[in-house]
Amino acid sequence: MDCIFCKIADGTIPSKKVYEDDLIIAFHDIQPQTPVHIVIIPKQHIESMNGITTENSHIIAHIFEVIPQIAGENHLNGGYRIVSNCGKDGGQTVFHLHFHLMGGKKLNVAMG
Ligand code: AMP
Ligand code: ZN
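Calculation notes
- Residues numbered from 1 in each chain as written.
- Chains lettered and ligands numbered in written order.
- Predicted model: local features only at pLDDT ≥ 70, side-chain atom pairs only at ≥ 80, totals over all residues.
- Heavy atoms only, no water.
- Core = buried A, V, L, I, M, F, W, Y, C linked by side-chain atoms within 4.5 Å.
- Buried < 20%, exposed > 50% of the residue type's maximum accessible area, 1.4 Å probe, protein only.
- Helix = DSSP H or I, 4+ residues; strand = E, 2+ residues; numbered from the N terminus.
- Contact = heavy atoms within 4.5 Å.
- Phe/Tyr/Trp six-rings, centres within 6.5 Å; stacked < 30°, edge-to-face > 60°.
- Pairing = 2+ DSSP bridges.
- Axes fitted to C-alpha atoms, helices over the stretch in contact; angles between N-to-C directions.
- Donors = N, O, S within 2.8 Å, 3.2 Å for Na, K, Ca; no water.
- Tetrahedral: all angles 85-135°; square planar, octahedral: opposite > 155°, others 65-115°.

Caption draft 1: Representation of the nonpolar core within the structure. Of all hydrophobic cores here, the largest spans 18 residues; its most connected members are I24, I38, I40, I70 and L101. When contributions to this core are tallied by element, the ones reaching two or more residues are β2 (24-28), β3 (36-42), α2 (57-73) and β5 (99-103). Of all the elements, α2 adds the most residues to this core, at seven residues. Not counting residues up to four positions away in its chain, the partners in contact with L101 are V36, H37, I38, I40, I70, A71, L76, Y80, R81 and I82. One finds F5, A9, I25 and V94 within the second-largest nonpolar core, a separate group that totals nine residues.

Following this line, the structure appears as structure tokens:
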């Protein structure tokens, strides 16, 4: 499968990694929209939030358990935002489930 995030997960494509364990990997976004912009992905290919199931939801729970640690290590002490774009209309461009961890400044509330 030609999936850029699967290739980042298996190391075929290099990334600026900030966290990795058996289930997930986090790396700096190549086109940061905020001073700190990290992408967190399951190593297993899940297409989007619509692909979350009873079998794989523990990986998503694990991502959310680790987010405070990644945020802390990247000095997001004032807070941060988690975004996941789902599908074409949601603005998803890479069809491997991922969560944007954004911060490093006071973010605007604007959505849509
Ligand atoms: P989305 O538009 O929500 O699907 O987010 C995809 C994100 O992946 C965008 O913010 C891209 O800048 C980012 N991205 C794409 N390719 C890479 C890459 N090779 N390394 C790091 N981030 C990437
Ligand atoms: Zn993938």
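Caption draft 2: Spotlight on the packing of aromatic side chains. The final tally for this structure, using the stated rule, is two aromatic pairs. Note on F5 and F27: the rings are 5.5 Å apart at their centroids and 75 degrees apart in plane angle, and the pair reads as edge-to-face. Pair noted here: F5 is in helix α1 (residues 4-10) and F27 is in strand β2, with a separation of 22 residues, a long-range link. When sorted by exposure, F5 lands in the same class as F27, which is buried.

Caption draft 3: Region of interest: the environment of Q44. With respect to the helices and strands, the residue Q44 is situated in the loop between β3 and α2. For Q44, a relative accessible area of 42% corresponds to the partly exposed category. For the pair Q44 and L23, spaced 21 residues apart in the sequence, the C-alpha separation amounts to 7.4 Å. Once you skip the residues sitting within four places of it in the chain, Q44 turns out to touch N56, I59 and H96.

Caption draft 4: How the structure looks around the sheet that holds strand β4 (residues 81-83). Overall, antiparallel pairing links the five strands, which are arranged β1-β2-β3-β5-β4 in an open sheet. Single-partner strands in this sheet number two, and they are β1 (17-20) and β4. Recorded for the sheet is a direction-independent mean angle of 20 degrees between the axes of neighbouring strands. Across five bridges, β2 lies against β3 in antiparallel orientation. Within β3, the residue paired with A26 across the bridge is I40. Contacts between α2 and the sheet are confined to β1, β2, β3, β4 and β5, with β3 contributing the most and set at about 155 degrees to the helix.

Caption draft 5: Quick peek at the pairing of β3. Most of β3 sits out of view: seven of its seven residues are buried. Residues V36, I38, I40 and P42 line one face of β3 and the alternating positions H37, V39 and I41 line the opposite face, and both faces are buried.

Caption draft 6: Structural view of the coordination of the zinc ion (ligand 2). At the metal site, the zinc ion (ligand 2) is ligated by C3 (SG), C6 (SG), H45 (ND1) and H96 (ND1), and these contacts range over 2.0 to 2.3 Å. Viewed at the metal, the four donor atoms of the zinc ion (ligand 2) are separated by angles of 106 to 116 degrees, and the geometry they form is tetrahedral. Mapping the donors of the zinc ion (ligand 2) onto the primary sequence yields the spacing C-x2-C-x38-H-x50-H. Remark: H96 occurs in the loop between β4 and β5 and C3 occurs in the segment before α1; sequence separation between them is 93 residues.

Interpretation in functional terms is not warranted from these geometric data alone.
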